[in-house]
Structures are given as C-alpha cells and as structure tokens.
Amino acid sequence: MKTRITELLGIRYPIIQGGMQWVGRAELASAVSNAGGLGIVTALTQPTPDDLRREIERTRTMTDKPFGVNLTILPAVKPPPYAEYVQAIIDSGVKIVETAGNSPKDFIAALKQHDVKIVHKCTSVRHALSAERNGVDAVSVDGFECAGHPGEDDVPGLVLLPVAARKLRIPIIASGGIADGRGMAAALALGAEGINMGTRFCVTKEAPIHDNIKQALVEATERDTKLMFRTLHNTARVFRNAISEEVVATENRPGGCEFEDVRPLVAGARGRAALESGEVHGGVVSAGQCIGLIDDIPTCAELLERMVRECREHLDRARGWMD
C-alpha cells in the first residue's frame, strides 16, 4: 500500500499505533513496526528523559524498522520537562514524533532542524488547520468514538474526516473507532491516507497489559464505554467499570463536582496498577467504542495482515458495485 503517509514515515502499511500512556513501550512499538506499521513509544510513560533514552534504545534492540515517539503536551501546575524529553528524542536519533494535547509549536523548530517528521493529533479541524500553519507534516484526526480525550465538539469520524480532507493540504490520519479492515477501508474512502489505532493494539498479544484486561475488552460491546469529566469540560472516553461509573455518578450528584472530588479514583498510578494486575475494576482503563468490533487477541503481525487483506476486499467490493 502506498500513500503519502507510508512515503512520509517509511512504512509498509499506513497503520500507526497510538501513543498510549503506560502501554506504548518497546514490546508493543517494536511488534507494530516489525509487522509493517509504525510503532510508537510513549515519552511520558517513562519517568525521566533519561528513561526515555533507554526505552528508545531497548526498542532498537527489537526492531530495525522505523518507529516514533509520542509526546503529549498538557497544562499542569508542575508540567513535565517537555523540552528535555524533546532533546532526548533528538539525541536518540528518532525521526518521527507524534504530538498531542496542546500545540507543539514551541518544539517544531528544534525537531525540524534534525529532520524529525511531526504528526500532530487533533480533535477538530480548526486545531488541525492551526497545526498545518505551524508546520507539522501530517495530522491525526480523532473522532468522537476514540478512547481518551475526544475534545468537546462531539463530532464523529464519519463527518470529521471528510471535512478535514476538504480543508487540509497535508496528509490526514484517521483515528478513533477503527479496529478492522472495514474501518480502514472507510477511513481511506473518507479522505484519510492512514489510520491510527489505540484500543485495538491494546488487545494484542504483545501489548504490555494483563490478560484479564484484554479479555474484558474482547467481551465488551460498543456500549461499554463511559464519558467522564463531561461536567469538567475535559471529556475522556474510558471502559465502563466500577471506577468510571463512580466518577460519572459523582459528577452528576446535586451540587456538582470538582476535580478534587474524583482525583483519588482517576489517579494515573491507580490506572497503571489495574493494567498490570488485571484488576478490571481497579482503576481507569481507556477504551474507545471500537471495543464492540474486537473479538480476539492476535499478534500485531496477524492483525495487520488481516486488516490490510480485509481493507482491500472491502474496497474492491465497493468498487464492484460501481461497475
């Protein structure tokens, strides 16, 4: 398969693994890259920039294919040393960065100086246009179906992608709601030149997540996600479990809710512990609506080969109707 995304990133298939907190580690990133996609190491999963350097080197021992690093830039009272993480990426010779959250404009010049390709993840066309003006090489457009933070506009991919394709000149990657070849074919037909998957890659053999969590996602339906933090205007789509149910109930109680009221429930360390221990109701587990499409736990290689085959079949099938 050849698109502007495969050409830009030097990959066989236009399939990118999302940069997921606690999950984007060497084992998964290398497996995706070895399978022909683009694996992503998540920078802030690593406690320090030096830890990130070591994780990048560990990934290199597992693959000789291209892989990238995700850097999510979020407002915080005490923000991580983003500039130091960027320097670690540059020093390590990584040539692809996925940015998310706030605008990466403060780091674009330094990355470009070292020939690093920048893919920025957006939840709206206006933010994608801003990223294009700032000089990123491609954008990953997140529809409302996605796991994590879908923004506050509530626009699904079926509308968001073609609107973005009409207005942007740089390549678009579709993100959110994709877990099989049918979804990949749809994304390409809507104007994307690649796809990004997070939840689907969580349910693979190489994902560094406990099997209990993977099995819970396999058994779930498309109705088994919750939207937390709606009242706080920081919406997050997560797996429906005891923790997310309690968060939403707290938000909806009379008198409203402050973040401090739910902080103990949503603490990152608690979510990480749940992923590692397999305690399905132990913490927040990020998941998109595409869990309704997931019914097995393949290797990354099996998943990508199957998706590409199905994508071609569905595109050929649709084309046949036009003859």
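What you see is a predicted model; the values in this text were computed from it and never measured.

Parameters at a glance
Residues numbered from 1 in each chain as written. Predicted model: local features only at pLDDT ≥ 70, side-chain atom pairs only at ≥ 80, totals over all residues. Heavy atoms only, no water. Helix = DSSP H or I, 4+ residues; strand = E, 2+ residues; numbered from the N terminus. Rg over C-alpha atoms; globule rule 2.2 N^0.38 Å. Contact = heavy atoms within 4.5 Å. Areas by Shrake-Rupley, 256 points an atom, 1.4 Å probe, with all protein chains shown as cover. Lys, Arg positive; Asp, Glu negative; His and termini not counted. Charge placed at Lys NZ, Arg CZ, Asp CG, Glu CD. Pairing = 2+ DSSP bridges. Axes fitted to C-alpha atoms, helices over the stretch in contact; angles between N-to-C directions. Buried < 20%, exposed > 50% of the residue type's maximum accessible area, 1.4 Å probe, protein only. Salt bridge = Lys/Arg side-chain N within 4 Å of Asp/Glu carboxyl O. Polar contact = N/O pair within 3.5 Å; in protein donor to acceptor, adjacent residues only side chain to side chain. Right-handed = clockwise from strand over helix to strand, strands pointing away. Phe/Tyr/Trp six-rings, centres within 6.5 Å; stacked < 30°, edge-to-face > 60°. Lys NZ or Arg CZ within 6 Å of the ring centre and 35° of its normal. Parallel < 35°, antiparallel > 145°, perpendicular 65-115°, else oblique. Nonpolar A, V, L, I, M, F, W, Y, C, P; charged D, E, K, R; others polar. 1 Å grid on protein atoms, 1.4 Å probe; cavity = no way out; pocket = protein on both sides within 12 Å on 5 of 7 lines; lining within 4 Å. Points joined across faces, edges and corners; volume = space filled by probe spheres on them.

Enquirer: Which parts of the structure should I look at to understand the overall build of the protein?
Expert: When helices and strands are counted, the protein shows 14 helices and 10 strands. Taking 2.2 N^0.38 as the reference for a compact globule, 323 residues should give roughly 20 Å; the C-alpha atoms of the protein span a radius of gyration of 19 Å, in line with that estimate. Along the longest, intermediate and shortest principal axes, the C-alpha atoms of the protein span 55 × 50 × 35 Å. Considering only residue pairs separated by 6 or more positions, the protein has 63% of its internal contacts joining residues 24 or more positions apart. Accessible area of the protein: about 14300 Å², with a carbon and sulfur share of 51%. Separation of charge centres in the protein, based on 38 positive and 42 negative side chains, amounts to 4 Å.

Enquirer: Looking at this structure, how should I read the sheet that holds strand S7 (residues 172-175)?
Expert: Pairing between the strands of a sheet comes from backbone hydrogen bonds, and it takes one of two forms, parallel or antiparallel. As summarised here, the arrangement of the eight strands in space is S1-S8-S7-S6-S5-S4-S3-S2, forming an open sheet in which the pairing is parallel. Of all strands in the sheet, those bounded by a partner on one side alone are strand S1 (15-17) and strand S2 (39-42). Ignoring which end each strand starts from, the neighbouring axes of this sheet average 30° apart. Where strand S6 (residues 138-142) lies against S7, four bridges are found, and the strand directions are parallel. What sits directly across from Val 141, in S7, is Ala 174. Against the sheet, helix H3 (residues 49-60) makes contact with S2 and strand S3 (67-73), and its axis sits at roughly 155° relative to S3, the strand it touches most. Across the sheet, helix H4 (residues 82-91) lies against S3 and strand S4 (96-101), angled at about 175° from S3, the strand it touches most.

Enquirer: What should I look at first to understand the side chain of Arg 237 in this one?
Expert: With respect to the helices and strands, Arg 237 occurs in strand S10 (residues 236-239). Buried Arg 237, no salt bridge; nearest opposite-charge side chain is Glu 145, N-O distance 7.0 Å. Engagement of the side chain of Arg 237 in a polar contact is seen with the backbone oxygen of Glu 145, the distance being 3.5 Å. A polar side-chain atom of Arg 237 sits 3.4 Å from the main-chain carbonyl oxygen of Cys 146.

Enquirer: I would appreciate a short explanation of the pairing of strand S8 (residues 194-197) in the present structure.
Expert: Remember that side chains alternate between the two faces of the sheet whenever the strand is regular. The alternating pattern of S8 places Gly 194 and Asn 196 on one face and Ile 195 and Met 197 on the opposite face, and all of these are buried. Pairing geometry for S1 and S8, over three bridges, is parallel. Bridge pairing in S8 places Gln 17 opposite Met 197. In this sheet, S8 lies alongside S7 in parallel orientation, the contact comprising three bridges. Bridged to Ala 174 within S8 is Ile 195. The β-α-β motif built from S7, the intervening helix H8 (residues 181-189) and the parallel element S8 has right-handed crossover chirality.

Enquirer: Can you help me understand the packing of aromatic side chains in this one?
Expert: Pairs of aromatic rings are described using the distance from one ring centre to the other and the angle between the two planes. Applying the stated criterion to the full structure yields one aromatic pair. Its guanidinium or amino end placed over the ring of Phe 144, Arg 237 lies 4.9 Å from that ring's centre, counting from NZ or CZ.

Enquirer: Mind showing me how you'd approach the packing of helix H11 (residues 242-251) against helix H12 (residues 259-266) here?
Expert: The geometry of a pair of packed helices is captured by two quantities: the angle between their axes and the separation between those axes. Closest axis-to-axis distance for the H11/H12 pair is 10 Å, and the angle between their directions is 175°. In terms of axis orientation, H11 runs roughly antiparallel to H12. Here Ile 243, Glu 246, Val 247 and Thr 250 of H11 come into contact with H12, specifically with Asp 261, Val 262, Leu 265 and Val 266. Tallied by class, residues from the contact of H11 with H12 come to five nonpolar, one polar and two charged.

Enquirer: Whenever I open this one, the layout of surface pockets confuses me. Can you help?
Expert: A water-sized probe, rolled over the atoms, reveals where empty space remains. By volume, the second largest pocket is sized at about 250 Å³. If you go around the second largest pocket, you meet 17 residues; those closest to its centre are Glu 145, Leu 158, Gly 176, Gly 177 and Ile 178. Where the lining of the second largest pocket is concerned, the elements lending two or more residues are helix H7 (157-167), S7 and H8. Residues belonging to the lining of the second largest pocket are distributed by class as follows: nine nonpolar, six polar and two charged.

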